[in-house]
Amino acid sequence: MHRYAKLGYVALNVSDLERSKTWFEKTLGLRHLFSFGTLAFFDLDGTRLFLSEDPTSDGAESILS
């Protein structure tokens, strides 16, 4: 029997947090959980999406954990 770990979160650097929050919520229909400073959290059907604003980000950096 194989046991697979559940994906806990996806972390993504974004250059514009407000614009990204609108896109994830309005375009993709994800549920916004909360925001704090330069961070925003969404629910991906039980997996947490963690957005972190970095104005120098090109959006190519992400972490799956």
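Residues numbered from 1 in each chain as written. Predicted model: local features only at pLDDT ≥ 70, side-chain atom pairs only at ≥ 80, totals over all residues. Heavy atoms only, no water.

1. Details of the overall build of the protein chain
Here's step 1: Counting its secondary structure elements, the protein chain contains one helix and five strands.
Here's step 2: In the protein chain, the succession of α and β elements from N to C terminus is β-α-β-β-β-β.
Here's step 3: The buried share of the protein chain, taken over its 65 residues, is 26%.
Here's step 4: Accessible surface, the protein chain: about 4900 Å² in total, of which carbon and sulfur atoms supply 54%. (Helix = DSSP H or I, 4+ residues; strand = E, 2+ residues; numbered from the N terminus. Buried < 20%, exposed > 50% of the residue type's maximum accessible area, 1.4 Å probe, protein only. Areas by Shrake-Rupley, 256 points an atom, 1.4 Å probe, with all protein chains shown as cover.)

2. Comments concerning the packing of aromatic side chains
Here's step 1: Scanning the entire structure with this criterion turns up four aromatic pairs.
Here's step 2: Geometrically, the ring pair formed by F34 and F41 is stacked, given 4.5 Å between the ring centres and 25° between the ring planes.
Here's step 3: Classification of F34 as partly exposed rests on a relative accessible area of 40%.
Here's step 4: With relative accessibility at 15%, the residue F41 sits in the buried group.
Here's step 5: In this structure an aromatic cluster arises from ring pairing among W23, F24 and F42. (Phe/Tyr/Trp six-rings, centres within 6.5 Å; stacked < 30°, edge-to-face > 60°.)

3. Description of helix α1 (residues 17-27)
Here's step 1: Listing the buried residues of α1 in full gives L17, S20, K21 and F24. All buried residues of α1 lie within an arc of 105° about the axis, which places them on one face of the element. Opposite its buried face, α1 presents the exposed residues R19, K26 and T27, each directed more than 90 degrees away.
Here's step 2: The inward-facing, buried residues of α1 contact β1 (9-14), β2 (31-36), β3 (39-44) and β4 (47-53).
Here's step 3: A side-chain oxygen of the first residue of α1 lies 3.3 Å from the backbone nitrogen of E18; this N-cap is D16.
Here's step 4: Looking at the residues trailing α1, positive phi occurs at G29, about 75°. (Arc of directions from axis to C-beta. Contact = heavy atoms within 4.5 Å. Polar contact = N/O pair within 3.5 Å; in protein donor to acceptor, adjacent residues only side chain to side chain.)

4. Section: the pairing of β4
Here's step 1: Pairing geometry for β1 and β4, over six bridges, is parallel. Across the sheet, V14 pairs through a bridge with E53, a residue of β4.
Here's step 2: Alignment of β3 against β4, held across six bridges, turns out to be antiparallel. Bridging from a neighbouring strand, F42 pairs with L49 of β4. (Pairing = 2+ DSSP bridges.)

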